[in-house]
Amino acid sequence: MKKGHGIGFGKAILFNEHFVVYGIPSIVSAIGNYTVAKVEPYDKSGFNLDDKRLSTPKYKEEKLSQQTESFELMFKKMGLDLSKNGVKITLEGNLVAASGIGASAASCVAVARALADSYELDLSDEQINEIAYEGEKGYHGTPSGVDNTASTYGGLIWFQKGEKNVIDRISLLNPVEIVIGNTGKVTDTKAAVDGVKQRKEKNLKKYQEIFDRAENIAYLAKRAIQDRAYTNLGKLMNENHKLLQQIEVSSRELDFLVSIARDAGALGAKLTGGGLGGNMLALTPGKELQNKVATAIEKEGFQTVKTVIGASRENVE
Ligand code: PMV
């Protein structure tokens with residue numbers, strides 16, 4: 001093996017986190033921040049991790065056992081035997097390790113790419129995505145695959161889980177500014193997904209109506225993106241947030257940050273990712289609006305990331 005390196009994008013789910021688990025179409029974007037993995041030979045068996053990513057307090061500690069499981073799953077999927085010669089893995093990059101921005105998926109994709117580079121395996125993006133999906137299982141149990149897909153391919157993606165997942169690129173002429181606001185709360189996506197499942201089983205009719213509207217919103221949002229109708233897109237994001245509140249995956253902090261962003265002029269704002277904490281996202285085309293919304297959130301003592309949706313690999317490699 002030689003030294004290897006690889007990147008994986010952070011992601012923001014623009015529409016239909018949670019609903020996506022049940023086959024409802026979702027829209028997800030790579031963001032301009034990414035994780036870099038470096039791999040090199042290690043003189044003992046197994047792996048040695050040096051996690052240099054900036055992170056939300058406690059994130060790395062709380063995710064450590066899931067992360068270990070995730071690496072093991074990926075080694076297995078790649079057919080790597082580390083029982084004699086191990087690997088040292090270093091994680092870095094400008095993606096903060098936090099809940100809701102695809103930190104786990106970005107790390108899986110970056111590590112899969114770095115290992116492929118190091119062992120000189122000529123893997124397609126599709127294969128990298130499959131390996132990263134395997135790694136995501138260490139964190140989520142049964143992930144929909146939306147995160148690793150955005151993290152692997154970059155850009156803006158229409159993703160629908162199914163027997164064979166639908167992965168379609170949505171073209172965006174130029175990346176569009178967004179603000180991601182961090183509640184500072186590390187959350188457990190698996191627990192959030194399980195909660196939705198239980199409530200859905202108890203309230204089938206109510207949930208069916210919510211799910212139908214979520215599906216409808218995905219199609220309207222795709223059209224709005226294609227038409228560059230960002231005001232309309234923002235309204236659809238607001239409506240999507242309402243649906244996420246109805247299935248009880250928002251939180252007091254998320255709703256607070258969402259309202260701050262809207263009051264500061266964001267075209268739309270919603271939670272992003274698993275919810276119950278983690279991150280929210282505001283649509284803020286143009287640097288001026290982006291700064292204004294980020295400043296309003298920061299004034300309340302919360303951290304933000306100013307980035308774009310539609311980031312592609314050509315921009316960073
Ligand atoms: O918590 P995150 O950012 O990994 O996002 C999870 C997205 C969900 O739709 C809630 C779960 C999934 O597997 O798609």
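Look a little higher up for the structure.
Residues numbered from 1 in each chain as written. Predicted model: local features only at pLDDT ≥ 70, side-chain atom pairs only at ≥ 80, totals over all residues. Heavy atoms only, no water.

Description of the pairing of strand β9 (residues 279-283)
- Within β9, five of the five residues are buried, which leaves it mostly tucked inside the rest of the structure.
- Side-chain alternation along β9 places Asn279, Leu281 and Leu283 on one buried face and Met280 and Ala282 on a second face that is also buried.
- Sheet analysis places strand β7 (residues 176-182) next to β9, joined by five bridges and oriented antiparallel. Bridged to Ile178 within β9 is Leu283.
- The pairing of strand β8 (residues 268-272) with β9 spans five bridges and is classified as antiparallel. Bridge pairing in β9 places Thr272 opposite Asn279. (Buried < 20%, exposed > 50% of the residue type's maximum accessible area, 1.4 Å probe, protein only. Helix = DSSP H or I, 4+ residues; strand = E, 2+ residues; numbered from the N terminus. Pairing = 2+ DSSP bridges.)

A short note on the pairing of strand β5 (residues 156-160)
- With five of five residues buried, β5 is to be regarded as a mostly interior element.
- Where burial is concerned, the two faces of β5 agree: the one with Leu156, Trp158 and Gln160 and the one with Ile157 and Phe159 are both buried.
- Inspection of the sheet shows strand β2 (residues 26-42) paired to β5 by four bridges, in the antiparallel sense. When the sheet's bridge partners are listed, Ser26 is paired in β5 with Phe159.
- Strand direction decides the pairing type here: β5 and strand β6 (residues 166-169), joined by four bridges, are antiparallel. Following the sheet pairing, Trp158 is matched in β6 by Asp168.
- The antiparallel hairpin formed by β5 and β6 contains five residues in its connecting segment.

Quick look at the packing of aromatic side chains
- On inspection of all chains with the given rule, the structure shows nine aromatic pairs.
- Look at Tyr22 and Phe211: their rings are 5.4 Å apart centre to centre, the planes differ by 75°, and that puts the pair in the edge-to-face class. Residue Tyr22 is located in the loop between β1 (4-15) and β2, and its partner Phe211 is located in helix α6 (residues 204-226); the two are separated by 189 residues in the primary sequence.
- Phe211 gets classed as buried once you look at its relative accessible area, which sits at 4%.
- Ring pairing ties together the aromatic residues Phe19, Tyr22, Tyr207 and Phe211, which thus form one cluster.
- A cation over a ring is seen here: Lys200 above Phe211, with NZ or CZ 5.1 Å from the ring centre.
- Directly above the ring of Trp158 sits Lys222, whose terminal nitrogen or CZ lies 4.1 Å from the centroid. (Phe/Tyr/Trp six-rings, centres within 6.5 Å; stacked < 30°, edge-to-face > 60°. Lys NZ or Arg CZ within 6 Å of the ring centre and 35° of its normal.)

Quick notes on the site of the ligand
- Near the ligand there are 16 residues, and of these Lys11, His18, Ser144, Asp147 and Thr189 occur at the shortest range.
- The contact in question runs from an oxygen atom of the ligand to an N or O atom on the side chain of Lys11, over 2.7 Å.
- Thr189 places a polar side-chain atom, nitrogen or oxygen, 2.6 Å from an oxygen atom of the ligand.
- Here the ligand, which alone exposes 380 Å², has 96% of that area covered by the protein.
- When residues of the shell around the ligand are traced back to their parent elements, those giving at least two are β1, α4 (146-153) and α5 (189-202).
- Here the residues of the shell around the ligand are counted per class, giving six nonpolar, seven polar and three charged. (Near = heavy atom within 4 Å. Polar contact = N/O pair within 3.5 Å; in protein donor to acceptor, adjacent residues only side chain to side chain. Areas by Shrake-Rupley, 256 points an atom, 1.4 Å probe, with all protein chains shown as cover. Nonpolar A, V, L, I, M, F, W, Y, C, P; charged D, E, K, R; others polar.)

Digging into the packing of helix α8 (residues 252-263) against helix α9 (residues 287-299)
- For the pair α8 and α9, the least separation of the axes is 9 Å and the interaxial angle reads 140°. Judged by the angle between their axes, α8 and α9 are oblique. Seen from above, α8 lies across α9 with right-handed handedness. In contact with Leu257, Ile260 and Ala261 of α8, α9 contributes Val293, Ala296 and Ile297.
- Across the contact of α8 with α9, the residue classes tally to six nonpolar, no polar and no charged. (Axes fitted to C-alpha atoms, helices over the stretch in contact; angles between N-to-C directions. Parallel < 35°, antiparallel > 145°, perpendicular 65-115°, else oblique. Left-handed = near helix turned anticlockwise from the far one by under 90°. Contact = heavy atoms within 4.5 Å.)

Details of the side chain of Lys200
- With respect to the helices and strands, Lys200 occurs in helix α5.
- An unpaired buried charge is present at Lys200: no salt bridge exists, and Glu201, the closest side chain of opposite charge, is 7.8 Å distant.
- Excluding residues within four positions of it along the chain, Lys200 makes contact with Tyr22, Tyr207 and Phe211. (Lys, Arg positive; Asp, Glu negative; His and termini not counted. Salt bridge = Lys/Arg side-chain N within 4 Å of Asp/Glu carboxyl O.)

Comments concerning helix α1 (residues 59-77)
- Over its 19 residues, α1 runs 26 Å from end to end, which matches the ideal 27 Å to within 8%, given 1.5 Å per residue.
- Roughly 45° is the biggest bend found in α1, and it falls at Ser65.
- By the burial criterion, the buried members of α1 are Tyr59, Lys63, Gln66, Gln67, Ser70, Phe71, Met74 and Phe75.
- Contact partners of the buried residues in α1: β3 (47-51), β4 (86-93), α2 (103-118) and α3 (125-140).
- Phi turns positive one or two residues past the end of α1, at Gly79, with a value near 70°. (Expected span 1.5 Å × (residues − 1). Bend = angle between axes of the 7 residues up to and from the residue.)

It is worth stressing that arrangement in space is one thing and function is another; only the former is reported here.
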